[in-house]
Amino acid sequence: QVQLVESGGGLVQPGGSLRLSCATSGFTFSTYAMNWYRQAPGKERELVATITSLGRTNYADSVKGRFTISRDNAKNLVYLQMNSLKFEDTAVYYCNARRTTLTYREFIYWGQGTQVTVSS
């Protein structure tokens, strides 16, 4: 049974920091690219950060220099360190796993989401 469970969300003041964690099980974690998405009310889902199976990272322009994605393959964990948080970072943050086979078959899994609220 595949599971992705986020934790670490909550209420934080502007300029503050949070670290989100995603605990996974039920699939071969080290072979998957891991992603963080977010969705704010009235807005489309946005890809925030990606880390490939080889450890390469990419970020949305809106979070570059502030957020860092990392993974621990020994523990099947992926993290999102969020610094210098802004009001516009308020959203539900989702952990996502994706793998595409050589025959172009895709395996995609989602966590349940965790709320991040940036407010004074």
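Located above this text is the structure these notes cover.
Computed from a prediction, not measured in an experiment: that's the story for all the values here. (Residues numbered from 1 in each chain as written. Predicted model: local features only at pLDDT ≥ 70, side-chain atom pairs only at ≥ 80, totals over all residues. Heavy atoms only, no water.)

### Section: the packing of aromatic side chains
Thinking step 1. If you walk through the whole model with that rule in mind, you get six aromatic pairs.
Thinking step 2. Each ring, one from Phe27 and one from Phe29, has its centre 6.4 Å from the other, and the planes form 50°; the classification is tilted. For the residue pair Phe27 and Phe29, the accessibility class agrees, reading buried in each case.
Thinking step 3. Aromatic pair Phe27 and Tyr32: ring centres 4.7 Å apart, planes at 65°, arrangement edge-to-face. As far as burial versus exposure is concerned, Phe27 and Tyr32 are alike and both buried.
Thinking step 4. Here the aromatic residues Phe27, Phe29, Tyr32 and Tyr109 are joined through ring pairs into a cluster of three or more.
Thinking step 5. Here the basic side chain of Arg45 rests over the ring of Tyr37, its NZ or CZ set 5.0 Å away from the ring centre. (Phe/Tyr/Trp six-rings, centres within 6.5 Å; stacked < 30°, edge-to-face > 60°. Buried < 20%, exposed > 50% of the residue type's maximum accessible area, 1.4 Å probe, protein only. Lys NZ or Arg CZ within 6 Å of the ring centre and 35° of its normal.)

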